[in-house]
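As a plain string of letters, each chain reads:
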Amino acid sequence: MPALMHHAPALVSAAPPRGSRTPAPTANEPKRVNIKIHRKRTSMDSLIIPPGYRPLIGVKETERAIKALKDFFELNLATELSLSRVTAPLFVPSGTGINDDLNGVEQPVSFAVKAIPGVRAEIVQSLAKWKRLQLAQLGFGPGYGLYTDMNAIRPDEGLDNTHSLYVDQWDWERVITPAERNVEFLKKIVRKIYSILKRAEHFVCERYPAIRPELPEEIKFVHAEELLAQYPKLTPKEREREFVREHRAVFIIGIGGQLADGSIHDGRAPDYDDWSSPGENGWPGLNGDVFVWNPVLEMAFELSSMGIRVDQEALLRQLEIRKCLERKNLLWHRRLIEGQMPLSIGGGIGQSRLCMYYLRKAHIGEIQASMWPSDMLERCRAGNLPLL
């Protein structure tokens, strides 16, 4: 399917074309691990054109609103969680285990570094593990941490209303104590983040009266195991839709851990979130995702993924579960196992997703400049979705 460049950031290198062979990992690179999850890859079939859609604010005002909203949210995030801003890398060395492997199957954009012979670099997919290194290097103590403006390229991402090749998010990480490695502390931090979401909604609605508030007063907590029991015949995405439609703002606990039927709710890499340690009611998982109900797309809409991070024991257990125990020899993993990084909690909050939700946009391309298939551009233009 041909694609048109639409003010997109330049790609250093792309994923191999269909039918070509993906090079085998070198001795220093982690093995990609396939895990069985219900989620389907996104495609043009999942593009949503809301009937009668009209943006509530024009393109120029949208650009101004994005800047104001991002500034407001960033300041509140830093204040609420006691975070300091640090500069984030766009790429990291390959073969160190620092890059985020996401579900274990997505290939990062990589390139050779001419000035450093024999070294390859990877465009970051997120900074989930890099941040923990920084906590140690900068000497943060319990109760304090850092956040970054993270920009990433995910060439294997499916493209639709909510997914883009380009990812921008606030990546944050905070040092915790051993006594805080529990679900109650996780919920405490989630409630803090939700209070920021509520304030941000007021900030937007006060400036744009056409945008009406949607968020409930409190966020609802539910474990993925409870969703499976409540909706045993539905897929995970269908469970999310039913539950979030009813409660409007939900935090689903236990993303990545095995459920009673042998499945997992959604994929999660084995080396940052702790999705295997016992939590509430003995169910596994000290992590989860924040969802809100999107009134424009009429869907459960993920705004954030976060969790208490693995300690040495959880790391080794999860590497074994995912059958990639060889990663323990990588630089990042060795440092954690040797106790050179603090215990932490952290996550990512999608910037474009956040703006898309608050400004009631139907496509993430109305918020960020990226690259889209030509037929998607045509359908969006016909449906009055002005992609940047």
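Look up a bit, the structure's there.
For clarity, every value in this text was computed on a predicted model and none was experimentally measured.

**Observations concerning the nonpolar core**
For step 1, the next point in the chain: Phe 73, Trp 172, Leu 197, Phe 251, Met 306, Ile 345 and Tyr 358 are the most contacted members of the largest nonpolar core, which has 64 residues in total.
For step 2, the next point in the chain: The element best represented in this core is helix 3 (residues 183-207), accounting for 13 residues.

**Quick notes on helix 2 (residues 130-138)**
For step 1, the next point in the chain: Among all positions of helix 2, only Trp 130, Lys 131, Arg 132, Leu 133, Gln 134 and Leu 135 are buried.
For step 2, the next point in the chain: The secondary structure elements touched by the buried residues of helix 2 are strand 6 (145-153), strand 7 (166-175), helix 7 (331-337) and strand 12 (344-350).
For step 3, the next point in the chain: Once helix 2 ends, the next one or two residues include Gly 139, with phi positive near 75 degrees.

**Details of the pairing of strand 5 (residues 120-123)**
For step 1, the next point in the chain: By the bridge criterion, 3 bridges tie strand 3 (residues 91-93) to strand 5 in an arrangement that is antiparallel. Bridge pairing links Val 92 to Glu 122 in strand 5.
For step 2, the next point in the chain: Relative to strand 5, strand 4 (residues 110-112) runs antiparallel, the two sharing 3 bridges. Each bridged residue has a counterpart across the sheet, and for Ser 110 the counterpart in strand 5 is Glu 122.

**Structural notes on unusual backbone geometry**
Peptide bonds are mostly trans, and most non-glycine residues show a negative phi.
For step 1, the next point in the chain: Even without being a glycine, Arg 360 presents a positive backbone phi close to 55 degrees.
For step 2, the next point in the chain: Within the element layout of this structure, Arg 360 appears in the loop between helix 8 (351-358) and strand 13 (371-373).
For step 3, the next point in the chain: Unlike most non-glycine residues, Asn 384 shows phi in positive territory, near 70 degrees.
For step 4, the next point in the chain: Relative to the helices and strands, Asn 384 is located in the segment after helix 9 (374-382).

How each quantity is defined
Residues numbered from 1 in each chain as written. Predicted model: local features only at pLDDT ≥ 70, side-chain atom pairs only at ≥ 80, totals over all residues. Heavy atoms only, no water. Core = buried A, V, L, I, M, F, W, Y, C linked by side-chain atoms within 4.5 Å. Buried < 20%, exposed > 50% of the residue type's maximum accessible area, 1.4 Å probe, protein only. Helix = DSSP H or I, 4+ residues; strand = E, 2+ residues; numbered from the N terminus. Contact = heavy atoms within 4.5 Å. Pairing = 2+ DSSP bridges.

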